[in-house]
Amino acid sequence: KEVLEPKKELARRAVLVTAGGTREPIDPVRYVGNRSSGKMGYALAETAALRGAEVYLVSAPTGLTVPDGVQVINVETAEQMRRAVLELYPRMDVVIKAAAVADYRPRAMVDQKIKKNESSLVLELEKTTDILAELGRQKTHQLLVGFAAETEDLINNAREKINKKNLDLLVANDVTQPGAGFGSDTNLVQILYPDGTVEPQPVMDKLALSEVIWDKIQQLLLVKK
Ligand code: CTP
Ligand code: CA
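This report concerns the structure included in the present document. (Residues numbered from 1 in each chain as written. Chains lettered and ligands numbered in written order. Predicted model: local features only at pLDDT ≥ 70, side-chain atom pairs only at ≥ 80, totals over all residues. Heavy atoms only, no water.)

**Things to note about the site of ligand 1**
The condition that has to hold: Any residue with at least one heavy atom within 4 Å of a molecule or strand is counted as near it. Think of a polar contact as two N or O atoms within 3.5 Å of one another; within protein, one of them needs to be a possible hydrogen donor and the other a possible acceptor, and neighboring residues in sequence only count if both atoms come from side chains. Helix and strand definitions follow DSSP, with helices as H or I runs of at least four residues and strands as E runs of at least two, each counted in order from the N terminus. Put simply, Ala, Val, Leu, Ile, Met, Phe, Trp, Tyr, Cys and Pro go in the nonpolar bin, Asp, Glu, Lys and Arg in the charged bin, and everything else, Gly too, in the polar bin.
Around ligand 1 sit 16 residues in total, of which Lys97, Ala99, Phe147, Lys161 and Lys165 are the nearest. Take Asp103: an N or O atom from its side chain is 3.1 Å from an oxygen atom of ligand 1. Here an oxygen atom of ligand 1 and a backbone polar atom of Phe147 are 3.0 Å apart. With 4 residues, strand E9 (residues 143-150) is the largest single contributor of residues to the shell around ligand 1. Across the shell around ligand 1, the residue classes break down as 8 nonpolar, 3 polar and 5 charged.

**Comments concerning the coordination of the calcium ion (ligand 2)**
Applicable threshold: Counted as donors are the N, O and S atoms within 2.8 Å of the metal, or 3.2 Å for Na, K and Ca, while water is not among the atoms, so some sites may look incomplete.
Those donors, Asp103 (OD) and Asp103 (OD), are the protein atoms that reach the calcium ion (ligand 2), and they lie 2.4 to 2.6 Å from it. Tracing the backbone shows Asp103 in the loop between strand E6 (94-97) and strand E7 (104-106).

**Some details on the sheet that holds strand E13 (residues 198-200)**
Cut-off, in case you're wondering: Following DSSP output, two strands are said to pair if at least two bridges run between them. Comment: axis = line fitted to C-alpha atoms, over the contacting stretch for helices; angle = value between 0 and 180 degrees taken between N-to-C directions. Here, two residues are considered to be in contact whenever any of their heavy atoms come within 4.5 Å of each other.
The strand order E5-E4-E1-E6-E9-E10-E12-E13 describes an open sheet built from 8 strands, whose pairing is mixed. Either end of the sheet is taken by a strand with one partner, and the two such strands are strand E5 (70-74) and E13. Shown here is a sheet whose adjacent strand axes are inclined to one another by a mean of 15°, direction ignored. Both strand E12 (residues 189-192) and E13 contribute to a ladder of 3 bridges, which runs antiparallel. Pairing of Leu192 across the sheet is with Val198, part of E13. The sheet contacts of helix H5 (residues 206-224) involve strand E1 (14-19), E6, E9, strand E10 (169-174), E12 and E13, and relative to E9 the element is tilted by about 145°.

Here it is, written out as structure tokens:
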């Protein structure tokens, strides 16, 4: 009986995927978070592992099961994610930043649980470091893939991100569309390249989309050689 072996198109490639939404502490029991489910990043890690890659998943809390053959590094904050990613970066061939990283964090973490003593509370936030932009500046041989969540002017905003962050590919989703992004099992995206090419994709479940994204990345890896 014939056994069909899956093709190991990513054999001998080291890849890093980030996933989930970071949590930025306010006090010991509260945080600033976002609605990212982590499903897209976990699907990308799963597909890469099935294709034979050495896969590292730097994950903010998701509650999802880590796919077989994937090495997970659990983090909570944007700064923890940044450190984990920068440490792995030099020996990676591909990095995909699917995580929803906080843009702002509370300026100070309060040691004690905040009491409801006042009628209102002002939370001061400071900007986090843009991890992907930092990777773009430090890029040597790596193929760098970003995600962009937009609610307006998708293509223009996404084009700006691909250039500013020195990316090789950007997956842009309009999170206002039904079936796109945050929490959903499906995604509706357009894939952009630095030369300005845009490839709209149909609505797909996140595992199917992860296959498409890896197909595109593999093409880029081939022409890069
Ligand atoms: N990203 C990152 N570090 C941050 C913020 C974002 O690495 N501190 C990455 C995300 O993982 C994603 C990409 O940058 O791959 C785009 O994230 P997005 O939120 O769409 O864009 P921003 O550059 O943060 O700009 P804005 O939120 O203002 O649209
Ligand atoms: Ca952002």
